[in-house]
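# Coordinate inspection notes
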Amino acid sequence: MSAGTTPRRTLTAMKVLVTGGAGYIGSITAKALEEAGHVPVILDSLLTGPRAFVRDRIFYEGDISDRDLLTRIFDEHDDIAATIHMAARIVIPESVQLPYEYYRDNVSKSLELFDQLVALEKTRVVFSSTAAIYGVKADFEVREDDPLDLTSPYAHSKQMMEQILRDMAAATDLRGIVLRYFNPIGSDPDTESGIYAKEPSHVLGQLVMAARGQKPAFTITGTEHPTRDGTGIRDYVHVWDLARAHVRAVERFDEVVEAAGEPSVVINVGTGSGVTVRELVAAFERVFGREVPLAEAPPRPGDAIGAFANVDRAHELLGWRHELSLDDAIASALAWGEKRQEILGYE
Ligand SMILES: NC(=O)c1ccc[n+]([C@@H]2O[C@H](COP(=O)([O-])OP(=O)(O)OC[C@H]3O[C@@H](n4cnc5c(N)ncnc54)[C@H](O)[C@@H]3O)[C@@H](O)[C@H]2O)c1
C-alpha cells in the first residue's frame, strides 16, 4: 500500500519544539501543528521574526545555541517528542554581503543545537533546508539525489547543516528528516502570518507591493536564462501545504526514518510543477484582476535559475502532496497584504 492510501490512525497529541517559530514558516507550522491536535513550543531570538507571530503559544525568547536554555526547555517540557529546526538567516543576497553572520548563525549555532539535543536524548530533528542548493538541470526537475550547486553563502550554510546532521546521525542517536523546501508563498487559512519584511525580497512580496502601488514596478531579475521564456523557474508551494508536510514529518518520524533505511533522509517539498517568473506574473494578474507595472534587470547576486521538485519521495514517505493551487496561494498572499498592517503595525 502506498503511503498516500494509508488509513487514518488515531494519533497521540505531541509537543514539538519549533526553533524559528516566530518566523514566517515557523509560525504557520505552529498553527498547523495546533490544528492537528499537537502543541508547539517556540524557541526564537526574534532576530527577525515579529513577536506578534508568537501569539499565545508557549514561547522561549533566546538563541538556539544557548545550551542552558535548551536544557531548561526540555526540563520544563520533557514530553517534547521532536524538534523542527527552522531558525536561520535566510536572505540570499544578504548572505553574499554577510558571510560570517550566515555561517555563524546557521552552521555553528545549529551544531551546538544538534549536540545539545543528543546530550538531552531528544534526537528527532526535522530540518528546514532549501531547493536553492540544487544545480541546474536541463529539464529543471530535481530529485533528492541530484547534484548540488551552491551559489551563495546561504546555500552553502544549508548544505553544511544537512551534512552535519547526516554525519551526526551516523555517529549518534540523532535522527534527521531534512525537508528541502521549494518556494513557499501565501499565508495561513486565517491570514494571521505571512511575509513580514518591510521590503520583501521574495518575488511574490514584491509583486504585492507593486500591485498595491507601494513601489513603482515589479522588477523581473534575470530575463536571459535558458528557460521557456528566459525568466527564472520556481516551484511555488502554498505555505499552508508546506506547514502540513511538517506535521506529517513529526507524526510519522520513526516510520519515515525506518522506511528510508538511513538515519537522516532528505525529502523535497514542492508541488512538482515549474512556474517561470513571467507565468507567475500572469497568474498574479489573473487573481488580482489588474496588470502590474513591470521592469527588467540583471539577476541579483547569488540568484539561481531555479528548479521544480520531483515529489515522489514526499508522497511515498510522508504520504504528503500539495493540495492548494498557485491561484489559492496568490489570493492568500494578497489577503495577507491587506491584513499585515493590522498585525505588524506597518504596511
Ligand atoms: N522562506 C523561504 O522561501 C524558504 C525557502 C527554503 C527554506 N527556508 C528555510 O525555512 C526556515 C524558515 O524560513 P522563514 O522564511 O520562516 O524565515 P524567517 O526569517 O521568517 O524565520 C526564521 C526565524 O528564525 C529566528 N532566528 C534566527 N536566528 C536565530 C537564532 N540563532 N536563535 C533563535 N532564533 C533565530 C528569526 O528570529 C526568525 O523568526 C529557514 O531555515 C529557511 O532557511 C525558507
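Structure report, in brief. A quick note: this is a predicted structure, and the numbers were derived from the prediction, not measured. (Residues numbered from 1 in each chain as written. Predicted model: local features only at pLDDT ≥ 70, side-chain atom pairs only at ≥ 80, totals over all residues. Heavy atoms only, no water.)

Neighbouring the ligand are 29 residues, the closest being Ile25, Asp44, Met86, Tyr154 and Lys158. Between the ligand and isoleucine 64, the relevant distance is 3.1 Å, taken from a nitrogen atom to a main-chain nitrogen or oxygen of the residue. Methionine 86 places a main-chain nitrogen or oxygen 2.7 Å from an oxygen atom of the ligand. Mapped by element, the contributors of at least two residues to the shell around the ligand are helix H1 (24-35), strand S5 (124-130) and helix H5 (153-171). If one sorts the elements of the shell around the ligand by residue count, S5 sits on top with three residues. For the shell around the ligand, a count of residues per class yields 15 nonpolar, 10 polar and four charged. (Near = heavy atom within 4 Å. Polar contact = N/O pair within 3.5 Å; in protein donor to acceptor, adjacent residues only side chain to side chain. Helix = DSSP H or I, 4+ residues; strand = E, 2+ residues; numbered from the N terminus. Nonpolar A, V, L, I, M, F, W, Y, C, P; charged D, E, K, R; others polar.)

Moving on to the packing of aromatic side chains. The relation between two aromatic rings is expressed through the spacing of the ring centres and the mutual angle of the planes. The final tally for this structure, using the stated rule, is five aromatic pairs. Here the aromatic residues Phe53, Tyr196 and Trp336 are joined through ring pairs into a cluster of three or more. Over the face of the ring belonging to tyrosine 346 we find lysine 198, whose NZ or CZ atom lies 4.7 Å from the ring centre. (Phe/Tyr/Trp six-rings, centres within 6.5 Å; stacked < 30°, edge-to-face > 60°. Lys NZ or Arg CZ within 6 Å of the ring centre and 35° of its normal.)

Evaluated as defined, the whole model comprises 27 salt bridges. Among the salt bridges present, the one from glutamate 112 reaches arginine 67, with a minimum N-O distance of 2.8 Å. Placement of glutamate 112 in helix H4 (residues 99-119) and of arginine 67 in helix H2 (residues 67-76) is noted, with a sequence separation of 45 residues between them. Residue classification places arginine 67 among the partly exposed residues on the basis of a relative accessible area of 27%. With a shortest N-O distance of 2.7 Å, aspartate 105 and arginine 104 are connected by a salt bridge. Taking relative accessible area as the criterion, aspartate 105 reaches 9% and is therefore assigned buried. Salt bridges sharing partners connect three or more residues here, namely Lys31, Arg55, Asp188, Asp190 and Glu192. (Salt bridge = Lys/Arg side-chain N within 4 Å of Asp/Glu carboxyl O. Buried < 20%, exposed > 50% of the residue type's maximum accessible area, 1.4 Å probe, protein only.)

Along the chain, threonine 271 falls in the loop between strand S12 (264-269) and strand S13 (275-276). One polar contact links threonine 271 to aspartate 235, side chain to side chain, over a distance of 2.7 Å. A polar side-chain atom of threonine 271 sits 3.1 Å from the main-chain amide nitrogen of serine 273. Apart from residues no more than four positions distant in its own chain, threonine 271 is found in contact with Asp235, Tyr236, Val237, Val311 and His322. (Contact = heavy atoms within 4.5 Å.)

Moving on, we come to helix H8 (residues 253-260). Within H8 the residues assigned to the buried category are Phe253, Val256 and Val257. The buried residues of H8 all sit within an arc of 95 degrees when viewed along its axis, so they share a single face. Across from the buried face of H8, at angles greater than 90 degrees, the exposed residues are Glu258 and Ala259. The inward-facing, buried residues of H8 contact S5, strand S7 (175-181), helix H7 (239-251), S12 and helix H10 (312-318). Glycine 261 sits one or two residues past H8 and shows a positive phi near 75 degrees. (Arc of directions from axis to C-beta.)

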